[in-house]
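# Structural overview for review
What follows is each chain in one-letter form.
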Amino acid sequence: MRDPLLQIRPDVEPVLPTESKAALDKIYKDVPAVTCACDKLGQCCELTKEEAADDWATMYPLYSVEYLNIVDYVQEHLSEADQERLLSFDEERPLRCPFLTGEGGCSIHPVRPLACRTYGILSQEEVTETKERLEGEIPSLWLRHFAKNESCTVCPDTEIDEPEKVEAHAERMASFSYDRELLEMSQTFDGLADEKRDLLIKATGKYRVARWSWGGFNTLWRKPVTWLKSNLVGYMDRATLAE
Ligand code: SF4
Ligand code: SF4
């Protein structure tokens, strides 16, 4: 059944400006390509209840500029049924990523976000070596966060297709430069309608949300204003990932 809250616009122009799309693709090009060779593809795209209780979230963090890039891809490339399902998806912290296919693939692979692209690239040895090499050049707090985060995304079953990019990528991860660039882009343009921004400010005191989840962004960007007027305050009170 069609979701009455859904606002499908099949012939809509891309929402992400061309220059933002080009800048985003340039950032993504710095991430080494990998081939996945595990016996259960997509296992890293869904959480166990224990992982969720430990505060992990799927497809997170997602920057607003990445969200808009994915919306454009979904509207251009996926079936109407998939558009309906994905663009009305409003769960902030699903156990299973909504883009994970039944075969363990990613239905938005060309535009998957940075968090997904960087998963499983660095080995534990590379994380440790990068941390030691950059001591004194990068704030220790950043290096500790880098080592902690990346140690949780090591995968023994990825094969690196572009090894020549790994060292520079590791430095970008350790210095959080990818995140800063995506944050800056997301703070420059987010495409949110004025009326919705007013409701966001009223509900949270925030002018924008730059990092969130797919379901969170969908709720703010795609629910009708009438729905937001009645429900946004409650949704934001329950939200835990909006930044
Ligand atoms: S990152 Fe690792 S666990 Fe995830 S699909 Fe690739 S090989 Fe499998
Ligand atoms: S967007 Fe794709 S790669 Fe990322 S968690 Fe979802 S299915 Fe996995």
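Residues numbered from 1 in each chain as written. Chains lettered and ligands numbered in written order. Predicted model: local features only at pLDDT ≥ 70, side-chain atom pairs only at ≥ 80, totals over all residues. Heavy atoms only, no water.

### Topic: the overall build of the chain
Of regular secondary structure, the chain possesses twelve helices and four strands. Over its C-alpha trace the chain gives a radius of gyration of 18 Å, about what one expects of a compact globule, namely 18 Å for 243 residues. In terms of its C-alpha atoms, the chain occupies a principal-axis envelope of roughly 55 × 40 × 40 Å. Sequence-distant contacts, at least 24 apart, represent 80% of the contacts inside the chain between residues at least 6 apart. Per element, the accessible surface of the chain, about 13000 Å² overall, is 52% carbon and sulfur. The distance from the centre of the 29 positive side-chain charges to the centre of the 45 negative ones in the chain is 6 Å. (Helix = DSSP H or I, 4+ residues; strand = E, 2+ residues; numbered from the N terminus. Rg over C-alpha atoms; globule rule 2.2 N^0.38 Å. Contact = heavy atoms within 4.5 Å. Areas by Shrake-Rupley, 256 points an atom, 1.4 Å probe, with all protein chains shown as cover. Lys, Arg positive; Asp, Glu negative; His and termini not counted. Charge placed at Lys NZ, Arg CZ, Asp CG, Glu CD.)

### Topic: a negative patch on the surface
A cluster of like negative charges, contributed by Asp39, Asp157, Glu159 and Asp161, occupies part of the molecular surface. Residue placement: Asp161 occurs in the loop between β3 (158-160) and α8 (166-174). (Patch = residues over 30% accessible without salt bridge, like charges linked within 9 Å, V, L, I, M, F, W, Y side chains within 5 Å. Salt bridge = Lys/Arg side-chain N within 4 Å of Asp/Glu carboxyl O.)

### Observations concerning the site of ligand 2
Taken together, Cys45, Met59, Cys97, Phe99, Leu100, Cys106, Ile108 and Cys116 are the residues near ligand 2. Within the shell around ligand 2, the residues separate by chemical class into eight nonpolar, no polar and no charged. (Near = heavy atom within 4 Å. Nonpolar A, V, L, I, M, F, W, Y, C, P; charged D, E, K, R; others polar.)

### Quick look at the packing of aromatic side chains
Applying the stated criterion across every chain yields a total of eight aromatic pairs. Summarising the aromatic geometry, the rings of Trp212 and Phe217 are spaced 5.8 Å apart at their centres and angled 75° between planes, so their arrangement reads as edge-to-face. For the pair formed by Trp212 and Phe217, the shared burial category is buried. Among the aromatic side chains, those forming a connected cluster through ring pairs are Tyr67, Phe99, Trp212, Trp214, Phe217, Trp221 and Tyr235. The positively charged end of Arg117 is found above the aromatic ring belonging to Tyr28, 3.7 Å away from the centroid. Here the guanidinium or amino end of Lys223 rests over the ring plane of Trp227, the centre of that ring lying 4.9 Å away. (Phe/Tyr/Trp six-rings, centres within 6.5 Å; stacked < 30°, edge-to-face > 60°. Buried < 20%, exposed > 50% of the residue type's maximum accessible area, 1.4 Å probe, protein only. Lys NZ or Arg CZ within 6 Å of the ring centre and 35° of its normal.)

### Let's talk about helix α12 (residues 225-238)
Between the first and last C-alpha of α12 there are 19 Å, a value that for 14 residues agrees with the 20 Å anticipated at 1.5 Å per step. Among the residues making up α12, those that are buried are Val225, Trp227, Leu228, Leu232, Tyr235 and Met236. (Expected span 1.5 Å × (residues − 1).)

### Describing the nonpolar core
By size, the foremost hydrophobic cluster in this structure holds 59 residues, and its most contacted members are Ile70, Phe99, Trp212 and Trp214. The biggest single contributor to this core is helix α3 (residues 64-77), with seven residues. Residues in contact with Trp212, not counting those within four places in the same chain, are Tyr60, Pro61, Leu62, Glu92, Phe217, Leu220, Tyr235, Met236, Ala239, Leu241 and Ala242. (Core = buried A, V, L, I, M, F, W, Y, C linked by side-chain atoms within 4.5 Å.)

### Topic: the site of ligand 1
In the region of ligand 1, the neighbouring residues are Cys36, Ala37, Cys38, Gly42, Gln43, Cys44, Tyr119, Cys155, Asp157 and Thr158. Here the residues of the shell around ligand 1 sort into six nonpolar, three polar and one charged.

### Some words on the environment of Gln75
Structurally, Gln75 can be placed in helix α3. You can call Gln75 buried: its relative accessible area is 9%. Once the C-alpha coordinates of Gln75 and Leu87 are considered, the two residues, twelve residues apart in sequence, prove to be 8.9 Å apart.

### Concerning the pattern of salt bridges
Inspection of the entire model under this criterion finds 17 salt bridges. The residue Asp55 makes a salt bridge to Arg93 at a minimum N-O spacing of 3.2 Å. Of the two residues, Asp55 is situated in the loop between α2 (49-53) and β2 (62-63) and Arg93 in the loop between α4 (80-87) and α5 (114-117); the sequence distance between them amounts to 38 residues. We classify Arg93 as partly exposed; its relative accessible area is 26%. A salt bridge links Arg211 to Glu243; the shortest N-O distance between them is 3.2 Å.

### What to know about the packing of helix α1 (residues 18-29) against α3
At a minimum axis separation of 11 Å, α1 and α3 run at an interaxial angle of 105°. When the axes of α1 and α3 are compared, the pair comes out roughly perpendicular. Between α1 and α3, the residues in contact are Ser20, Lys21, Leu24 and Tyr28 and Val65, Glu66 and Asn69, respectively. Residue composition of the contact of α1 with α3, by class: three nonpolar, two polar and two charged. (Axes fitted to C-alpha atoms, helices over the stretch in contact; angles between N-to-C directions. Parallel < 35°, antiparallel > 145°, perpendicular 65-115°, else oblique.)

### Here we look at the side chain of Asp190
Here Asp190 lies in the loop between α9 (177-188) and α10 (194-204). For Asp190, a relative accessible area of 3% gives the class buried. At a separation of 2.7 Å, a polar atom in the side chain of Asp190 contacts the side chain of Arg197. Here the side chain of Asp190 touches Arg208 through a polar contact of 3.3 Å, side chain to side chain. Residues within four places of Asp190 in sequence aside, it is in contact with Ser64, Leu68, Arg197, Arg208 and Trp221. (Polar contact = N/O pair within 3.5 Å; in protein donor to acceptor, adjacent residues only side chain to side chain.)

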